[in-house]
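# Breakdown of the fold
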Amino acid sequence: MAPDDFSTIQPYLETTPLRTGDVLIRADTPIPTAHFIEDGIVSCIAVAADGQQIELGLVGREGMVGVPILLDAERTPNEARVQVAGTAWSIPAAALREALRQRPSLHDFLLRYAQAVAVEVAATALANGLYKIERRLARWLLMCHDRIDGDVLPTTHRFLSLMLGVNRTGLTTVVAGLERAGIIETSRGSITIRDRDALLALAGAAYGAPEAEYLRLIGAGAEPIRPE
């Protein structure tokens, strides 16, 4: 963001540790704080009335948790939960709202990010509705890989099945197939990406549109999501 916009919110920012499993936004509960992620990954999760859950999208070092605040909404039926531990710059919702009123340029900038998030959610719905588990898993692994340093992603089959909304047995079969092909390597509590190009080929059209939209909206000066 522009230096003048950042200077408006800087006095209110505090460093917050993100622990795996922390819930940053609770469903149908006022959102007290927005979080600009420095490192780590947060899952945005849809929660049904019967308790069923599925992931809508991911937030990492490219974004923020608390988009409803930008839209003048104090709560959401969805949840934001830390998937990979890290840190964030946190700001009280009231302070962010005041900064948005003071700095229309800041509001415009963050609304462009909100549009990128909406595109990611739409792409997730498309992937869940049209593609087989293999392609959906490849897309998810690429999105996580974009948001971490290195190639080791902390996760479990149980978490994967919950986030992708798939049967755990079927998921285990697909993961085993990717491992036999040398694309990934699994160990207890983690997956290591061994062949990103193969994941890109497997994901196909399921991956790339939200990433391109992010760069278009945030601008050519933005750092790439996945540093090379």
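Attention here is on the structure that accompanies the text. (Residues numbered from 1 in each chain as written. Predicted model: local features only at pLDDT ≥ 70, side-chain atom pairs only at ≥ 80, totals over all residues. Heavy atoms only, no water.)

## Notes on helix α6 (residues 157-164)
Among the residues making up α6, those that are buried are Phe-159, Leu-160, Ser-161, Met-163 and Leu-164. Gly-165 sits one or two positions beyond α6 and adopts a positive phi of about 65°. (Buried < 20%, exposed > 50% of the residue type's maximum accessible area, 1.4 Å probe, protein only. Helix = DSSP H or I, 4+ residues; strand = E, 2+ residues; numbered from the N terminus.)

## Brief notes about the nonpolar core
Generally speaking, soluble globular proteins have nonpolar side chains that are buried together. Among the nonpolar cores identified, the biggest contains 35 residues, and Val-42, Met-64, Val-65, Ile-91, Leu-96, Leu-110 and Tyr-113 are the most heavily contacted of them. Elements that contribute at least two residues to this core include exactly β2 (23-25), β3 (33-47), β5 (64-65), α2 (67-70), β6 (78-92), α3 (93-102), α4 (104-130) and α9 (209-218). Examining the composition of this core, we find that 7 residues originate from one element, α4, more than from any other. If sequence neighbours within four positions are ignored, Tyr-113 has contacts with Val-59, Glu-62, Gly-63, Met-64, Val-67, Tyr-214 and Ile-218. Counting 29 residues, the second largest nonpolar core, distinct from the first, contains Met-163, Ile-193, Leu-199 and Tyr-207. (Core = buried A, V, L, I, M, F, W, Y, C linked by side-chain atoms within 4.5 Å. Contact = heavy atoms within 4.5 Å.)

## Considering α4
Its 27 residues place the ends of α4 39 Å apart at the C-alpha level, agreeing with the 39 Å of an ideal helix rising 1.5 Å per residue. Residues Leu-106, Phe-109, Leu-110, Tyr-113, Ala-114, Ala-116, Val-117, Glu-120, Ala-123, Thr-124 and Ala-127 constitute the buried set of α4. (Expected span 1.5 Å × (residues − 1).)

## Digging into the pairing of strand β9 (residues 190-193)
Where burial is concerned, the two faces of β9 agree: the one with Ser-190 and Thr-192 and the one with Ile-191 and Ile-193 are both buried. In this sheet, β9 lies alongside strand β7 (residues 152-154) in antiparallel orientation, the contact comprising 3 bridges. Across the sheet, the residue bridging to Pro-154 is Ser-190, located in β9. The sheet contact formed by strand β8 (residues 184-187) and β9 spans 4 bridges and is antiparallel. Opposite Ile-184, over in β9, you have Ile-193 as the bridge partner. Where β8 folds back onto β9 in an antiparallel hairpin, the turn is made up of 2 residues, including Gly-189, whose phi is positive at roughly 85°. (Pairing = 2+ DSSP bridges.)

## Concerning the packing of aromatic side chains
Following the criterion strictly, the structure yields 0 aromatic pairs and no others. It is Arg-135 that lies over the ring of Tyr-131; its NZ or CZ is 5.1 Å from the centre. (Phe/Tyr/Trp six-rings, centres within 6.5 Å; stacked < 30°, edge-to-face > 60°. Lys NZ or Arg CZ within 6 Å of the ring centre and 35° of its normal.)

## Examining the sheet that holds β7
Spatial strand order, β7-β9-β8: 3 strands in an open sheet with antiparallel pairing. Both outer strands of the open sheet, β7 and β8, are each paired with one neighbouring strand and no more. Averaged over all pairs of adjacent strands, the angle between strand axes in this sheet comes to 20°, irrespective of strand direction. (Axes fitted to C-alpha atoms, helices over the stretch in contact; angles between N-to-C directions.)

## Some details on unusual backbone geometry
Residues other than glycine seldom take positive phi values, yet Asp-28 does so here, at roughly 55°. Inspection of the secondary structure puts Asp-28 in the loop between β2 and β3. The backbone of Asp-72 shows a phi angle near 60°, a positive value even though the residue is not glycine. Relative to the assigned elements, Asp-72 resides in the loop between α2 and β6.

## Some points on the environment of Ala-85
Secondary-structure assignment places Ala-85 in strand β6. Residue classification places Ala-85 among the partly exposed residues on the basis of a relative accessible area of 42%. C-alpha of Ala-85 to C-alpha of Ile-41: the two residues are 44 residues apart in sequence and 6.9 Å apart in space. The residues contacting Ala-85, other than those within four sequence positions of it, are Leu-18, Arg-19, Thr-20, Asp-39 and Gly-40.

## Regarding the pattern of salt bridges
For the structure shown, the criterion picks out 11 salt bridges. For Asp-22, the salt bridge goes to Arg-19, with nearest N and O atoms at 3.6 Å. Overall, Arg-19 belongs to the exposed group, its relative accessible area being 51%. The structure contains a network of salt bridges with shared partners spanning Glu-62, Glu-120 and Arg-147. (Salt bridge = Lys/Arg side-chain N within 4 Å of Asp/Glu carboxyl O.)

## Brief notes about the side chain of Glu-55
Along the chain, the position of Glu-55 falls in strand β4 (residues 53-59). Buried and unpaired, Glu-55 has no salt bridge, with Arg-139 as the nearest side chain of opposite charge at 6.5 Å. Only 2.7 Å separates the side chain of Glu-55 from the side chain of Trp-140, close enough to count as a polar contact. Residues contacting Glu-55, with those up to four places away along its chain left out, are Ser-43, Cys-44, Ile-45, Gln-83, Thr-124, Asn-128, Trp-140 and Met-163. (Lys, Arg positive; Asp, Glu negative; His and termini not counted. Polar contact = N/O pair within 3.5 Å; in protein donor to acceptor, adjacent residues only side chain to side chain.)

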